[in-house]
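# Coordinate analysis (summary)
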Amino acid sequence: MAAASQRSPTPRLQRRDSQGRPPQDGYGVYTYPNSFFRYEGEWRGGKTHGHGKLLFKDGSYYEGEFVDGEIMGEGCRLWVSSGNTYSGQFVLGEPQGHGTMKYKDGGRYEGEFSRGLREGHGCLVDQDGQVYQGSFHNNRRHGRGQMAFQNGDKYDGDWVRDQRQGHGVLWCADGSTYEGQWHSDVFSGLGSIVHCSGVGYRGMWINGHPVAQATRTVILGPEVMDVAHSSSFTLRVELQQDNGEVAESEDGRVLKISAGVRYVQLPAYSEVSFFKVDEGSQELPIQTPFGFECIAYPLSSPTSGGPELSATPESASTDSPLPQGDLEVTMVSNVLCDQEDTPGRLSAGGGMPRCPEDCRRVERGRAQFTDVCLGPPPPGYHPIPFLDSKHEKASSRPRGSLGPGRMTPTVRDPPAGSRHQGPPLAHPPRRGGS
C-alpha cells in the first residue's frame, strides 16, 4: 500500500547521461533511464518540486505535491496490483497523516495513517457495509471503538488485534444486551446479559458460555399436597445448577403453571372417580413428557378473577356415554426458556414485559406461585362419584381426608423433599364404585 518513493529516481535527476538531462526549473517531462518511471510536472534545481504526476510502468501512478525530489504533501495514489486508491497526505512516498483509502472490494477507510498503514483514529466501512469507528494500530482495529454489524448488532468497547477483547457492550438487533468482559471475540470473564425475552444472567463466562447457568427446575415442598376446590395453595420453584446450588445469577426466566386431568384406563370396580363428558366437549388427550396423557384443567387465582383462559373447550348441550377411561388430575409446570416461548420482548424503553396471570418471573433463581386455586371442572366435564354398599369405606373417611372435588398432587421427590424437573402429579379422589 506504500506509494513509490522518489529516493530512487532522485539521484538520476542529478546525473547527466547520453540520454539527456532532467529539466532544471519550471515544467518538464522526463523518463528515467530504467524506463520504469515517467514524470510530468514542476521542477526546481533539477529535482521534482511542486505539483506533478509520476507514472509507473505497470499503470500505477501518483499525482500531487513533490518537495525536493520526494513525494511529500497532498496527493492521490493508485496501485494497479491491488486496485486500491488513496487520497490524502504523504510523507516520503507513503500515506501518512489524514487520508482516505478506497479498496477494490468496495470497502473504504477514512482516518489517520502512518507509513502506509491505518494508525490512530479512523472509520472503516467493509465490503458488507459494516462500520467500525475508533482506534487502529498496525492496520488493525485496536483500542476503543464502536462497530455496527451487518445483522443490526452494535458493539462499543475494547478491541485487540481486530477482536473484541476487554470490556464492552453488545446491543443485539433482537433487543438483547450484554455488558462485560470479552476475550478473542466472545463473552469471557464477568458479564451480564439481558435477553430480549427478559431472561437475565449475571456472572462468569468462559468461551461464550455462562459458568453458573441453571440446568434443572426444582419444585420445592412436600411430596403430597391435599388440595380442595376454592382453597389456594403455593408452589415454590428454584432454578438449580448441576451441583444443586441455586442459580442466583439468573433473572427473568418465565415459569408457567398449568393443570391437567390425567387420562388413564378405568378398571372394573375402580375406586377412582371419573368424568362424564358432554358430546362434543371431549377433546383429544395431550401427550405429556411424563409418559401419560392429560386433558387441560382450569386454574384460577384471586388476583386474576377467574379461571385460566383457553383451558377447556366450550361445553355441549347433550350428554354422551361415559368415556372408556378414567381421568386423573395432573399439575404441570412449564418452563418458558426459549425466545419463542416467552410472553413478550423488552419494550422500546427497556421495560420488562408484563407477566401473564398464570406465570411468574424468576428473580435470583427463584419463583413463587401464590394463591393458586383449582377451578371447577371444565365445561362439559361432570364428576360422577359412586357411593354404594360395595365401597362404604369411601363415605367413612376421617375429616380432612380427600373427598369429592379434592386432589392430592404428588411428585417424584429427590432426597430432602425437592422435585427435580417435573410437575407435581395429582392423584384423583378415591370414591366407591360399582
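All of these numbers come straight from a predicted model, not from anything done at the bench.

What tends to happen in soluble globular proteins is that the nonpolar side chains get buried as a cluster. If you look at the biggest cluster of nonpolar residues, it comprises 30 residues, and the most contacted ones within it are Tyr-32 and Leu-54. With three residues, strand S2 (residues 37–44) is the largest single contributor of residues to this core. Core analysis: the second largest hydrophobic core is formed by 20 residues, Leu-239, Tyr-297, Leu-299 and Phe-369 among them.

Right, let's talk about the packing of aromatic side chains for a bit. Applying the stated criterion across every chain yields a total of 24 aromatic pairs. Ring centres 5.1 Å apart and planes at 85° place the aromatic pair Tyr-132 and Phe-136 in the edge-to-face group. Between the aromatic rings of Tyr-132 and Trp-159, the centroid separation amounts to 5.2 Å while the plane-to-plane angle is 80°, which identifies the pairing as edge-to-face. Taken as a pair, Tyr-132 in strand S10 (residues 131–137) and Trp-159 in strand S12 (residues 154–160) lie far apart in primary sequence, 27 residues in all. Comparing Tyr-132 with Trp-159 shows no difference in burial state: the two are buried. One residue, Arg-141, lies across the ring of Tyr-132, its end atom 5.9 Å from the ring centre. Arg-164 extends its terminal NZ or CZ atom over the ring of Tyr-155, reaching a point 5.5 Å from the ring centre.

So, on to the pattern of salt bridges. By the definition in use, this model includes 11 salt bridges. As a salt-bridge pair, Glu-238 and Arg-366 come within 3.9 Å of each other at their nearest N and O atoms. On the criterion of sequence distance, the pair formed by Glu-238 in strand S20 (residues 233–240) and Arg-366 in strand S30 (residues 366–374) is long-range, its members being 128 residues apart.

This brings us to the side chain of Arg-141. Residue position: Arg-141 is located in strand S11 (residues 140–148). Residue Arg-141 is classed as buried on the basis of its relative accessible area of 17%. Not counting the four nearest positions on each side in its chain, Arg-141 is found in contact with Tyr-132, Ser-135, Phe-136, Met-147, Trp-159, Val-160, Arg-161 and Asp-162.

Moving on: a nonpolar patch on the surface. On the surface, Leu-190, Met-204, Ile-206 and Val-211 cluster together into a nonpolar patch covering about 390 Å² of accessible area. Here Leu-190 shows up in strand S15 (residues 186–194).

Let us now look at the environment of Tyr-30. In this structure, Tyr-30 sits in strand S1 (residues 26–31). Spatially, the C-alpha atoms of Tyr-30 and Gly-41 are 9.0 Å apart, while their sequence positions differ by 11 residues.

To continue, consider unusual backbone geometry. With phi around 55°, Asn-138 is a residue other than glycine that occupies positive phi space. Look at Asn-138 and you get partly exposed, because its relative accessible area is 46%. The backbone of Ser-184 shows a phi angle near 55°, a positive value even though the residue is not glycine. One can find Ser-184 in the loop between strand S14 (177–183) and S15. Owing to a relative accessible area of 34%, Ser-184 belongs among the partly exposed residues under this scheme.

What follows is about the side chain of Ser-249. Along the polypeptide, Ser-249 turns up in the loop between S20 and strand S21 (250–251). Taking the relative accessible area as the measure of exposure, Ser-249 reaches 11% and is therefore buried. The contact partners of Ser-249, leaving out residues within four places of it in the chain, are Gly-200, Tyr-201, Arg-202 and Ala-212.

What follows concerns the pairing of strand S13 (residues 163–171). For S12 and S13, the ladder comprises six bridges, and the chain directions are antiparallel. Across the sheet, the residue bridging to Gly-157 is Gly-168, located in S13. Following S12, the chain reverses through two residues before pairing antiparallel with S13; Arg-161 in that reversal takes a positive phi of roughly 50°. Sheet topology places S13 next to S14; six bridges connect them, and they run antiparallel. Within the sheet, the bridge partner assigned to Leu-170 lies in S14 and is Tyr-178. Two successive antiparallel strands, S13 and S14, enclose a turn made up of five residues, where Gly-175 displays a positive phi of approximately 105°.

This part covers the confidence of the model for the protein. When pLDDT is averaged along the protein, the result is 73; 64% of the residues meet or exceed 70. Predicted confidence for residues 1–18 stays below pLDDT 50, and this span has 53 contacts to residues more than four positions away or in other chains. Predicted confidence for residues 304–353 stays below pLDDT 50, and this span has 156 contacts to residues more than four positions away or in other chains.

On to the environment of Val-67. Positionally, Val-67 belongs in strand S4 (residues 61–67). Residue Val-67 is classed as partly exposed on the basis of its relative accessible area, which comes to 34%. Separated by 16 residues in the primary sequence, Val-67 and His-51 have C-alpha atoms spaced 9.0 Å apart. Ignoring sequence-local partners within four residues, the contact set of Val-67 consists of Thr-48, His-49 and Met-72.

What counts, and where the lines are drawn
- Residues numbered from 1 in each chain as written.
- Predicted model: local features only at pLDDT ≥ 70, side-chain atom pairs only at ≥ 80, totals over all residues.
- Heavy atoms only, no water.
- Core = buried A, V, L, I, M, F, W, Y, C linked by side-chain atoms within 4.5 Å.
- Buried < 20%, exposed > 50% of the residue type's maximum accessible area, 1.4 Å probe, protein only.
- Helix = DSSP H or I, 4+ residues; strand = E, 2+ residues; numbered from the N terminus.
- Phe/Tyr/Trp six-rings, centres within 6.5 Å; stacked < 30°, edge-to-face > 60°.
- Lys NZ or Arg CZ within 6 Å of the ring centre and 35° of its normal.
- Salt bridge = Lys/Arg side-chain N within 4 Å of Asp/Glu carboxyl O.
- Contact = heavy atoms within 4.5 Å.
- Patch = residues over 30% accessible without salt bridge, like charges linked within 9 Å, V, L, I, M, F, W, Y side chains within 5 Å.
- Areas by Shrake-Rupley, 256 points an atom, 1.4 Å probe, with all protein chains shown as cover.
- Pairing = 2+ DSSP bridges.
- pLDDT = per-residue confidence, 0-100.

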